[in-house]
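Chains, contacts and geometry: an overview
One-letter residues, chain by chain:
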Amino acid sequence: TQLLEQSPQFLSIQEGENLTVYCNSSSVFSSLQWYRQEPGEGPVLLVTVVTGGEVKKLKRLTFQFGDARKDSSLHITAAQPGDTGLYLCAGDAWAGGTSYGKLTFGQGTILTVHP
Amino acid sequence: DVKVTQSSRYLVKRTGEKVFLECVQDMDHENMFWYRQDPGLGLRLIYFSYDVKMKEKGDIPEGYSVSREKKERFSLILESASTNQTSMYLCASSLTGLSGRGFGPGTRLTVL
């Protein structure tokens, strides 16, 4: 069973600060996805990274996939109260090039950005 | 964007009742999924389906069954609800196994 460890579990910061959320595993993933979930709603896909070493930017959010495809990070620059939510990483199982489509989710990072 | 709807946002049931959770997607996606979400545990896959009438067990299928009679609809059934099935249930769909999931808003189920 693949496991994804997210850290930190909780993050409480002031508006304007920078932050990084980490997603680590001992397993190799063919791709890794990041989601954001607001209270009372389902997760919303932010980005998918598929290539080792890949970096993707989405406005103030920067996503990186580790060279070995075992870890990923999400960096937010100048956080805003609207960034508040639960951030989830999810890895797609690697099985010799065949994906079963069974995402493994991390336990999530709850981010609170105070005005 | 894919739109995934779930039949109820909140549901309260009694122990032993049979519970049906319905999910509909409007994007003609092949793959549909049922997850449960509990604090500190992330999302755990209950069942998924990659085609009509096809189903595969996820990581925690015990106590659940599913039905996919039409491509757009995927139902989760709790045959005899128990208190440890109190949770948030999320339905999702995707075009391929590798694609990002489009999630519904979730059903918060309480079993008394």
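Further up the page is the structure itself.
Residues numbered from 1 in each chain as written. Chains lettered and ligands numbered in written order. Predicted model: local features only at pLDDT ≥ 70, side-chain atom pairs only at ≥ 80, totals over all residues. Heavy atoms only, no water.

With that out of the way, let us pick up the overall build of chain A. Secondary structure summary: chain A contains zero helices and 11 strands in total. Secondary structure elements in chain A, listed N-terminal to C-terminal, are β-β-β-β-β-β-β-β-β-β-β. Counting only contacts in chain A whose residues sit at least 6 apart along the sequence, the fraction spanning at least 24 positions is 57%. Placing the 8 positive and 10 negative side-chain charges of chain A at their respective mean positions leaves the two points 6 Å apart. (Helix = DSSP H or I, 4+ residues; strand = E, 2+ residues; numbered from the N terminus. Contact = heavy atoms within 4.5 Å. Lys, Arg positive; Asp, Glu negative; His and termini not counted. Charge placed at Lys NZ, Arg CZ, Asp CG, Glu CD.)

Further remarks concern the state of the cysteines. Summed over the entire model, instances satisfying the criterion amount to two disulfides over all chains. Linked covalently through their sulfurs, Cys 23 of chain A and Cys 89 of chain A form a disulfide whose S-S length is 2.0 Å. On the sign convention where negative is left-handed, the bridge of Cys 23 of chain A and Cys 89 of chain A, at about 80° about the S-S bond, is right-handed. Of this pair, Cys 23 of chain A sits in strand E3 (residues 19-24) while Cys 89 of chain A sits in strand E9 (residues 85-93), placing them 66 residues apart in sequence. Disulfide pairing places Cys 23 of chain B opposite Cys 91 of chain B at an S-S distance of 1.9 Å. Residues Cys 23 of chain B and Cys 91 of chain B share a disulfide whose torsion about the S-S bond is about -75°; that sign makes it left-handed. A residue pair is termed long-range when its members are at least 10 positions apart, and Cys 23 of chain B in strand E3 (residues 19-25) and Cys 91 of chain B in strand E9 (residues 87-94) qualify at 68 residues. Of the two residues examined, Cys 23 of chain B and Cys 91 of chain B, each falls in the buried class. (Disulfide = S-S within 2.5 Å. Buried < 20%, exposed > 50% of the residue type's maximum accessible area, 1.4 Å probe, protein only.)

Quick look at the interface of chain B and chain A now. Counting from both sides, the interface comprises 22 residues of chain B and, opposite them, 21 residues of chain A. Across the chain B/chain A interface, buried area totals approximately 1500 Å², and carbon plus sulfur atoms make up 54% of it. Counting across the chain B and chain A interface gives one salt bridge. For Glu 41 of chain A, the salt bridge goes to Arg 9 of chain B, with nearest N and O atoms at 3.6 Å. Along the contact surface separating chain B from chain A lie four residue pairs in polar contact (both at pLDDT 80 or more). Secondary-structure elements contributing two or more residues to the side of chain B that touches chain A are strand E4 (31-38) and strand E5 (42-51) of chain B. It is E5 of chain B that provides the largest number of residues to the side of chain B that touches chain A, a total of four residues. The residue makeup of the side of chain B that touches chain A, split by class, is 10 nonpolar, eight polar and four charged. (Buried area = accessible area lost by both parts, 1.4 Å probe. Salt bridge = Lys/Arg side-chain N within 4 Å of Asp/Glu carboxyl O. Polar contact = N/O pair within 3.5 Å; in protein donor to acceptor, adjacent residues only side chain to side chain. Nonpolar A, V, L, I, M, F, W, Y, C, P; charged D, E, K, R; others polar.)

Further remarks concern the packing of aromatic side chains. Aromatic rings considered in pairs are described by the distance between their centres and by the relative angle of their planes. Applying the stated criterion to the full structure yields nine aromatic pairs over all chains. Taken together, a centroid distance of 5.4 Å and an interplanar angle of 80° make the contact between Phe 105 of chain A and Tyr 35 of chain B edge-to-face. Of the two residues, Phe 105 of chain A is situated in strand E10 (residues 103-105) and Tyr 35 of chain B in strand E4; the pairing between them involves two chains. Tyr 35 of chain B shares its class with Phe 105 of chain A; the two are buried. Ring-pair connections join several aromatic residues into one group, and the members of that group are Tyr 35 and Phe 105 of chain A together with Phe 33, Tyr 35, Phe 48 and Phe 103 of chain B. (Phe/Tyr/Trp six-rings, centres within 6.5 Å; stacked < 30°, edge-to-face > 60°.)

Quick look at the pattern of salt bridges now. Residues and elements named next belong to chain B. The final tally for this structure, using the stated rule, is 10 salt bridges over all chains. Among the salt bridges present, the one from Lys 71 reaches Glu 30, with a minimum N-O distance of 3.0 Å. Within this pair, whereas Lys 71 is found in the loop between strand E7 (64-70) and strand E8 (73-78), its partner Glu 30 is found in the loop between E3 and E4, the two being separated by 41 residues in sequence. Lys 71 sits in the partly exposed class, given a relative accessible area of 21%.

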